[in-house]
Amino acid sequence: MTKNPPIRPEYQLDLPPIAEQSLATPLPWTTRLWNLAWLRKSAILLVLIALWETAARWQNNDLLLPGFIQTFTAFAQDMASGELPTKISLSLGTLVKGYAIGTVLALALSSLAVSTRLGRDILSTLTSMFNPLPAIALLPLALLWFGLGENSLIFVLAHSVMWPMAVNTYTGFLGVSDTLRMTGRNYGLRGLRYVWHILIPAALPSILSGLKIGWAFAWRTLIAAELVFGASSGKGGLGWYIFQNRNELFTDRVFAGLISVIIIGLLVEGLIFTTLERVTVKRWGMQK
């Protein structure tokens, strides 16, 4: 017996050539169409519109449930007359002011909380007290303090935006890695420069999430507040438009106002926040 392993003879095996065949089979056109998200969503909307129109015709009572065609006609007429654009611009103008104030206050509180122990205690105490409090519940006090004007709405909107955004922002700040924190400290960053250059870029997803939640809260609060006490400084917004047409039993215009609320919400979510995410991600150098 030898210690060396046996050497097997080499040989060559001739394989038959591979037949030419397509490596990728194209999908059927129905599958390709169904893979388009916008087409699927459009199909869902068309089904909802068809169900709405069918229910309205079956109900046969325009006062209780106007159909889609009747509502769309009222919407087009009020848009052409300028009534709806005026109401929408008034509501959005008030919303932007309250939203901006609430955002600035939330960022200030979160920055204070992540910097000092007292700031953490202040934020924790205030959010525990005021975050569960519905913004619309403060409306009677706002009317007493600021009167029947835009300032009352701004106060309520700032409250609705401030707390959820502060919670999301502070949570994002806490999630920043120690490596990034020490890097900022080594570069001598302190105070606002440390927050701006280190914490905000690292916590950007949480901040954007807080902005979205704050926007949704503010939009709902504004419409509800206008429905409660109506006009602001003698001028009514979109909520007042809905309330006024309900009193006059123009149900088709009430639905037109509700559709306007939905459309504005979809546009803000789909255009403004999507663009904001894309621009900020590029600005902070986090694109793939």
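Keep in mind the model is a prediction, meaning the values are calculated, not measured.

Trainee: Lay out the layout of surface pockets in plain terms, naming residues and giving numbers.
Mentor: As a volume, the largest pocket reaches approximately 510 Å³. For the largest pocket, the lining is made up of 14 residues, of which Leu45, Ile49, Ile259, Ile262 and Ile263 are closest to its centre. Listed by contribution, the elements that provide at least two residues to the lining of the largest pocket are helix 2 (37–59), helix 3 (68–81) and helix 12 (251–283). Per-element accounting of the lining of the largest pocket gives the leading share, seven residues, to helix 12. Partitioned by chemical class, the residues of the lining of the largest pocket number 14 nonpolar, no polar and no charged.

Trainee: So what about helix 5 (residues 117–130)? Which residues, and what values?
Mentor: Taking 1.5 Å per residue, 14 residues should reach 20 Å; helix 5 reaches 20 Å between its end C-alpha atoms and fits that length. Every buried residue of helix 5 is listed here: Gly119, Leu123 and Thr127. Buried residues of helix 5 fall within an arc of 55° about the axis and therefore sit on the same side. Facing away from the buried side of helix 5 by over 90 degrees, the exposed positions are Arg117, Leu118 and Ser128. The inward-facing, buried residues of helix 5 contact helix 4 (83–115) and helix 7 (150–174). Looking at where helix 5 begins, the residue whose side-chain oxygen comes 3.0 Å from the main-chain nitrogen of glycine 119 is threonine 116.

What counts, and at which threshold
Residues numbered from 1 in each chain as written. Predicted model: local features only at pLDDT ≥ 70, side-chain atom pairs only at ≥ 80, totals over all residues. Heavy atoms only, no water. 1 Å grid on protein atoms, 1.4 Å probe; cavity = no way out; pocket = protein on both sides within 12 Å on 5 of 7 lines; lining within 4 Å. Points joined across faces, edges and corners; volume = space filled by probe spheres on them. Helix = DSSP H or I, 4+ residues; strand = E, 2+ residues; numbered from the N terminus. Nonpolar A, V, L, I, M, F, W, Y, C, P; charged D, E, K, R; others polar. Expected span 1.5 Å × (residues − 1). Buried < 20%, exposed > 50% of the residue type's maximum accessible area, 1.4 Å probe, protein only. Arc of directions from axis to C-beta. Contact = heavy atoms within 4.5 Å. Polar contact = N/O pair within 3.5 Å; in protein donor to acceptor, adjacent residues only side chain to side chain.

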